[in-house]
Amino acid sequence: MEQREQPIGVFDSGLGGISVLRACTALLPQEDFLFFGDSANAPYGEKSLAQVRRLTIAAVDRLLAQGVKAVVVACNTATSAAIHLLRQAHPDLPIIGIEPAVKPAALDVGSSSVIVMATPLTIREDKYQKLAAAFCHEANVISLPCPGLAEMVEGGLFDGPVLDGYLQDLFLPFRYCSVDYIVLGCTHYPFVRRAIARNFGQPVAIIDGSEGTARQLRRQLDAQGLLSQRQRPGTVTFQNSRSDKLTMSHTLFHMDF
């Protein structure tokens with residue numbers, strides 16, 4: 001098969017990266033995609049740095065063994081922990097990561113506040129700390145670790161009293177603050193976007209980095225002459241380290257959120 005007609009690999013620690021996959025397929029409808037979710041080891045956001053790096057490298061190696069022409073690391077935690085190692089190991093491969101959409105939020109609101117919801121490991125990592133610091137003069141960037149939230153979504157909890165209670169407790173310190181944006185810094189979180197908006201207690205814009213990642217994927221493929229030239233719509237193939245998650249993968253891909 002000609003290289004530009006090979007599939008694009010998309011990887012996440014579980015099911016959350018399907019939110020990024022949807023943005024990529026919308027922007028590049030002619031491309032074939034191979035999505036691998038490592039649900040057997042989810043969530044990554046509360047593991048050690050060494051564990052996340054080992055799991056991420058193994059997942060990308062799995063995709064490369066199946067002949068992908070590019071890799072999207074559709075996981076903020078894996079991007080923070082291992083994207084530089086992946087690029088060092090595969091210098092000729094387009095490898096696109098994802099990061100919290102702090103820049104567009106901070107530049108839009110001026111001196112107001114931006115809350116960045118992310119996993120504890122993402123927030124601890126130097127990559128995120130540098131990103132937040134780069135825009136702290138543009139806005140009040142509040143880093144909000146959300147232990148357990150990705151695990152809830154991975155388990156299929158998208159609504160209900162348990163999730164509402166968790167979010168209400170999480171947002172309690174900000175009930176009377178002026179907040180213009182919530183940035184979703186984990187690819188699992190868009191699936192509970194409506195619950196987040198409902199429980200925050202005041203109107204707020206909610207954004208994530210999926211569309212920016214999709215645009216960067218298109219730019220890199222175009223720059224390397226790897227955009228598919230086929231005329232038919234592309235295909236999406238789902239794989240998961242837990243076979244019982246495959247049906248949920250299809251459901252989330254078609255879910256309205």
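Residues numbered from 1 in each chain as written. Predicted model: local features only at pLDDT ≥ 70, side-chain atom pairs only at ≥ 80, totals over all residues. Heavy atoms only, no water.

A.B. asks: Account for the sheet that holds strand S7 (residues 179-184), with residues named and values stated.
C.D. replies: Strands sit in the order S6-S5-S7-S8 across an open sheet of four strands; the sheet is parallel. Unpaired on one side and paired on the other, strand S6 (140-145) and strand S8 (205-208) mark the two borders of the sheet. Across the sheet, the axes of successive neighbouring strands diverge by a mean angle of 25°, strand direction being ignored. Sheet analysis places strand S5 (residues 113-118) next to S7, joined by five bridges and oriented parallel. Paired with methionine 117 across the two strands is leucine 184, which belongs to S7. (Pairing = 2+ DSSP bridges. Helix = DSSP H or I, 4+ residues; strand = E, 2+ residues; numbered from the N terminus. Axes fitted to C-alpha atoms, helices over the stretch in contact; angles between N-to-C directions.)

A.B. asks: Could you give an account of the nonpolar core, with specific residues and numbers?
C.D. replies: By size, the foremost hydrophobic cluster in this structure holds 51 residues, and its most contacted members are Met117, Leu167, Ile182 and Leu217. By size, the runner-up hydrophobic cluster in this structure holds 20 residues, among which are Phe11, Ala59, Cys75 and Leu93. (Core = buried A, V, L, I, M, F, W, Y, C linked by side-chain atoms within 4.5 Å. Buried < 20%, exposed > 50% of the residue type's maximum accessible area, 1.4 Å probe, protein only.)

A.B. asks: Tell me what's going on with the side chain of lysine 69, and back it up with residues and numbers.
C.D. replies: Structurally, the position occupied by lysine 69 is in the loop between helix H2 (49-65) and strand S3 (70-73). Assessed through its relative accessible area of 1%, lysine 69 is described here as buried. Looking at lysine 69, its side chain comes within polar contact range of the side chain of glutamate 31, at 2.7 Å. Filtering out sequence-adjacent residues up to four positions away, lysine 69 remains in contact with Gln3, Arg4, Gln6, Pro7, Ile8, Glu31, Leu93, Pro94, Leu221, Leu226, Leu227 and Ser228. (Polar contact = N/O pair within 3.5 Å; in protein donor to acceptor, adjacent residues only side chain to side chain. Contact = heavy atoms within 4.5 Å.)

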